[in-house]
Amino acid sequence: MADNGAGLLDQLKSCIVWSWAYFWTIWFFVMLFLVNILRLPFRYDSLTTAPGPAMFGTESSLSMFLNTLTPKFYVALTGTSSLISGLILIFEWWYFRKYGTSFIEQVSVSHLRPLLGGVDNSTPTNTNTSNGDADSNRQSVSECKVWRNPLNLFRGAEYNRYTWVTGREPLTYYDMNLSAQDHQTFFTCDSDHLRPADAIMQKAWRERNPQARISAAHEALELEDCATAYILLAEEEATTIVEAEKLFKQALKAGEGCYRRSQQLQHHGSQYEAQHRRDTNVLVYIKRRLAMCSRKLGRTREAVKMMRDLMKEFPLLSMFNIHENLLESLLELQNYADVQAVLAKYDDISLPKSATICYTAALLKARAVSDKFSPEAASRRGLSTAEMNAVEAIHRAVEFNPHVPKYLLEMKSLILPPEHILKRGDSEAIAYAFFHLQHWKRVEGALNLLHCTWEGTFRMIPYPLEKGHLFYPYPICTETADRELLPMFHEVSVYPKKELPFFILFTAGLCSFTAMLALLTHQFPELMGVFAKAFLSTLFAPLNFIMEKVESILPSSLWHQLTRI
């Protein structure tokens, strides 16, 4: 409550400062307009002096000034106020849509709050708080890391087909640039210049033009059987999954030969060790993509066997997240016992979570009760132990990634998943729902249970950016990263939903009020002039009363010197 009170006080101070700055801006432009354009008989010192006793001296001077004002003055005043407030409103709205925050609020927090004596709420008050914030920040940084999508589609056979049909680009430049960096990391090494084909492919992975990459791959294959060249052609040139599988089988033959040769020489020096590490990455990638081809072509049991063999052969390469491919294939086979066994191994407190792990665990627990679940019956008799476990699993999954339920419940339309995802972000939700929606539909009543219970999560975490329940606070960086990963035609899901900043509402109200005054002044100049004179007279009446009292108390000579100053 103290923090909220301090925030409201800082907001009030900022509002007063900005209103005062707005008043002076309007006053300057109106005076400039009146003196230089309308040629009204006003002194130039009025451009820098606000109307009041200090400017007019006495009540008679103020009355004289008000009597000399013409309707043109009021039209200029209200029109200029409306114009400037409208420009401020447009800029504020554009800035909010682009950066997700209010420009005035940002300037107030960054520059005005220290001047006005505001306290930065993010400043730790003791050592323990500082350590806790540091741990939270480190976790947020790790959660905002962009990961390779383990279920990413094939560019030539899937992404490009979508472009041919719709004319839209499903991948962003940022996403494809990250893929290019991954390819250079996994498929190249320092000794590539020793082999002509590898040297060509090293340049090919850096090419931005897809046709240039494909041409370079063909050029490399003319020299020798190059596994990475087959990979590039399978990913980008093949227009069907069948063609991609054939090219990956050729890549597997070439990759296994390179792997066996480098395995024998890996202990002969750092150069050979780097070459063996590169050949290992190439071989694992090929086998994983071949398993995905089998899954897409309906040979799911074969895909499961290939994934299990790959995980046994290379148990340390967890960065590829092959277990997520295995989970999806096992769910397709409805082999829920094996799914539970995989979850028992990877749903560990020390391992990084994912939407696939959390929501698959929720699906298994929902499967035990969803076919008989009824919200009316549950409200009458209460939840059983199994139902409570299912609801808690759903709440856990929703807390980890709150964007998923709207896609599973088809409240938002799906798009093709990107090649990279941000954990706990909208991109991860799309990637999960794209492949797992069918598995939720297959379990009777699972989506109904999710629909009835998922929103209850938010009651446990009213301030998700500050404190979580089962996980760390929700990272604030997801929206920015997801906007880079997801195409422009997709409306990025934002959590927690941002409300319009106070200063946008304040500026909108100010613009509407001044526009109404401008319209009334233009239509009824004489009547509005009377109202304006009465308003100004009432506004300055207390000041005139104070000045008269001061004049009666202070000696006339001293008051004369003060007025000259």
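Placed above this text is the structure.
Residues numbered from 1 in each chain as written. Predicted model: local features only at pLDDT ≥ 70, side-chain atom pairs only at ≥ 80, totals over all residues. Heavy atoms only, no water.

Colleague: Just give me the short version of helix H15 (residues 322-332), but keep the residues and values in it.
Modeller: Among the 11 residues in H15, 10 count as buried, and that is most of the element. Of the positions making up H15, those classed as buried are Ile-322, His-323, Glu-324, Asn-325, Leu-326, Leu-327, Glu-328, Ser-329, Leu-330 and Leu-331. Residues of H15 that are buried in the fold lie against helix H13 (270-296), helix H14 (300-313), helix H16 (336-346), helix H17 (355-367) and helix H21 (426-442). Positive phi shows up at Gln-334, right after H15, with a value of about 60 degrees. (Buried < 20%, exposed > 50% of the residue type's maximum accessible area, 1.4 Å probe, protein only. Helix = DSSP H or I, 4+ residues; strand = E, 2+ residues; numbered from the N terminus. Contact = heavy atoms within 4.5 Å.)

Colleague: How would you summarise the packing of aromatic side chains if you had to cite specific residues and measurements?
Modeller: Under the definition given, this model contains 10 aromatic pairs. On the numbers, 5.4 Å between centres and 45 degrees between planes, the contact of Phe-187 with Trp-205 is tilted. Remark: Trp-205 occurs in the loop between helix H9 (196-204) and helix H10 (210-223) and Phe-187 occurs in helix H8 (residues 173-187); sequence separation between them is 18 residues. What makes Phe-187 buried here is its relative accessible area of 3%. (Phe/Tyr/Trp six-rings, centres within 6.5 Å; stacked < 30°, edge-to-face > 60°.)

Colleague: Explain unusual backbone geometry residue by residue, including any values.
Modeller: The residue Gln-334 is not glycine, and still its phi comes out positive at about 60 degrees. When you line up the elements, Gln-334 lands in the loop between H15 and H16. Here Gln-334 falls in the partly exposed class, since its relative accessible area comes to 44%.

Colleague: How would you summarise the nonpolar core if you had to cite specific residues and measurements?
Modeller: In terms of nonpolar packing, the biggest core is built from 93 residues, with Met-201, Ile-231, Phe-248, Ile-286, Tyr-359, Leu-408 and Trp-440 touching the most fellow members. When residues of this core are assigned to their parent elements, the largest contribution, 9 residues, is made by H17. Each of domain 1 (153-320) and domain 2 (335-497) gives at least three residues to this core. When sequence neighbours within four positions are dropped, the list of residues in contact with Ile-286 reads Ala-227, Ile-231, Phe-248, Ala-251 and Leu-252. Of all hydrophobic cores here, the second largest spans 6 residues; its members include Leu-153, Tyr-159, Leu-171 and Phe-435. (Core = buried A, V, L, I, M, F, W, Y, C linked by side-chain atoms within 4.5 Å. Domains from an automatic or database assignment.)

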